[in-house]
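Architecture and fold: a report
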Amino acid sequence: MRERLTAIIAIILLVFLIAASYWYAMKTSVGNLRYVPSEKSPDFIATGATVISFDENGVAKTRLRAKEFQHFSDDSMTMIQPQATTVSPNEPVTHAQARNGFTDDAGATFFFEGDVIVSRDASGSNPAIRLETQTMHVDTDTNRFETDDIVHIYSGRDKAVGTGMIFDNMQRTVELKSRVTTIIEPREGSNNLLPSTR
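What comes next concerns the included structure.

**As for the packing of aromatic side chains**
Applying the stated criterion across every chain, the model contains 2 aromatic pairs. Ring centres of Phe110 and Phe112 lie 5.9 Å apart, and the angle between their planes is 35 degrees; on these two criteria the pair is classed as tilted.

Following this line, the structure appears as structure tokens:
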């Protein structure tokens, strides 16, 4: 009986020693694991989020919302169905939307791709303007929109089509680079397109 009791105590001590050794081995191996970020896997994913950027005085400058944001360790970000809006009080309100978007400089500039629509609200005597293209580079600091693709422009009843464009929202100018076709409708109350020189 005494031999059995000694054997049982030895087995219990041996099982305890094996369990303690296993626990310390796992703790040591898990403790040495470190997260090594991959350029292909995002740091975080946000759905249905809105990001607002501010100027140095704390005034809202742009609002960016998307169906999904994926942020990466190199400060780049991809977006699904992005919608950007300028909200600065002294600038014309401008909206830009697309199927996909990308930024590699923490949101200072965006590249929109797929069914891009940029619209600016009417202000004063300036009619609303709408631009449609397939790609658009958006610089939020200078409020400029650029593309090398075919772009369709609608301003009031006037229309233009061209290849390549620079839209400066601050200066309220549009520069079409090549293959430009423009249709300008006569203004109300006039049958002439150009003012008379009498």
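**Some thoughts on the pairing of strand 5 (residues 94-97)**
Residues Thr94 and Ala96 of strand 5 are buried on one face, while the alternating residues His95 and Gln97, pointing to the opposite face, are not. As paired strands, strand 4 (residues 83-86) and strand 5 are joined by 3 bridges and run antiparallel to one another. Considered in strand 5, the bridge of Gln83 is made with Gln97. Strand direction decides the pairing type here: strand 5 and strand 7 (residues 109-120), joined by 4 bridges, are antiparallel. Considered in strand 7, the bridge of Ala96 is made with Val118.

**Some thoughts on the nonpolar core**
In this structure, Phe112, Val118, Leu131, Met136, Ile153 and Met165 are the most contacted members of the largest nonpolar core, which totals 24 residues. Of all the elements in the fold, those that place two or more residues in this core are strand 2 (60-71), strand 3 (77-80), strand 7, strand 8 (129-139), strand 9 (144-155) and strand 10 (158-168). Setting aside residues no more than four positions away along its own chain, Leu131 makes contact with Val116, Ile117, Val118, Val151, His152, Ile153, Met165 and Phe167.

**A look at the environment of Pro92**
Topologically, Pro92 is positioned in the loop between strand 4 and strand 5. In this structure the C-alpha to C-alpha distance between Pro92 and Asn169, which are 77 residues apart in sequence, comes to 7.2 Å.

**Examining the pairing of strand 10**
Counting buried residues in strand 10 gives 9 out of 11 residues, a clear majority hidden from the surface. Both strand 9 and strand 10 contribute to a ladder of 10 bridges, which runs antiparallel. Along strand 10, the bridge assignment pairs Ser155 with Asp158. Linking strand 9 to strand 10, which pair antiparallel, is a turn of 2 residues; within it Gly156 sits at a positive phi near 60 degrees. Of the strand pairs in this sheet, strand 10 and strand 11 (residues 173-183) are connected by 8 bridges, and their pairing is antiparallel. If you follow Val161 over to strand 11, its bridge partner there is Thr181. If you look at the hairpin formed by strand 10 and strand 11, you'll find 4 residues sitting between the two strands, and Arg172 has a positive phi there, around 60 degrees.

**Details of the environment of Arg120**
Topologically, Arg120 is positioned in strand 7. C-alpha of Arg120 to C-alpha of Ser155: the two residues are 35 residues apart in sequence and 9.6 Å apart in space. In contact with Arg120, not counting residues within four places along its chain, are Pro92, Val93, Thr94, Asn126, Pro127, Ala128, Ile129, Phe167, Asn169 and Arg172.

**Focus: a negative patch on the surface**
On the surface, Asp43, Asp74, Asp75, Asp104 and Asp105 cluster together into a patch of negative charge. Positionally, Asp104 belongs in the loop between strand 6 (100-103) and strand 7.

Here is what the cut-offs are and how they apply
Residues numbered from 1 in each chain as written. Predicted model: local features only at pLDDT ≥ 70, side-chain atom pairs only at ≥ 80, totals over all residues. Heavy atoms only, no water. Phe/Tyr/Trp six-rings, centres within 6.5 Å; stacked < 30°, edge-to-face > 60°. Buried < 20%, exposed > 50% of the residue type's maximum accessible area, 1.4 Å probe, protein only. Helix = DSSP H or I, 4+ residues; strand = E, 2+ residues; numbered from the N terminus. Pairing = 2+ DSSP bridges. Core = buried A, V, L, I, M, F, W, Y, C linked by side-chain atoms within 4.5 Å. Contact = heavy atoms within 4.5 Å. Patch = residues over 30% accessible without salt bridge, like charges linked within 9 Å, V, L, I, M, F, W, Y side chains within 5 Å. Areas by Shrake-Rupley, 256 points an atom, 1.4 Å probe, with all protein chains shown as cover. Salt bridge = Lys/Arg side-chain N within 4 Å of Asp/Glu carboxyl O. Lys, Arg positive; Asp, Glu negative; His and termini not counted. Charge placed at Lys NZ, Arg CZ, Asp CG, Glu CD.

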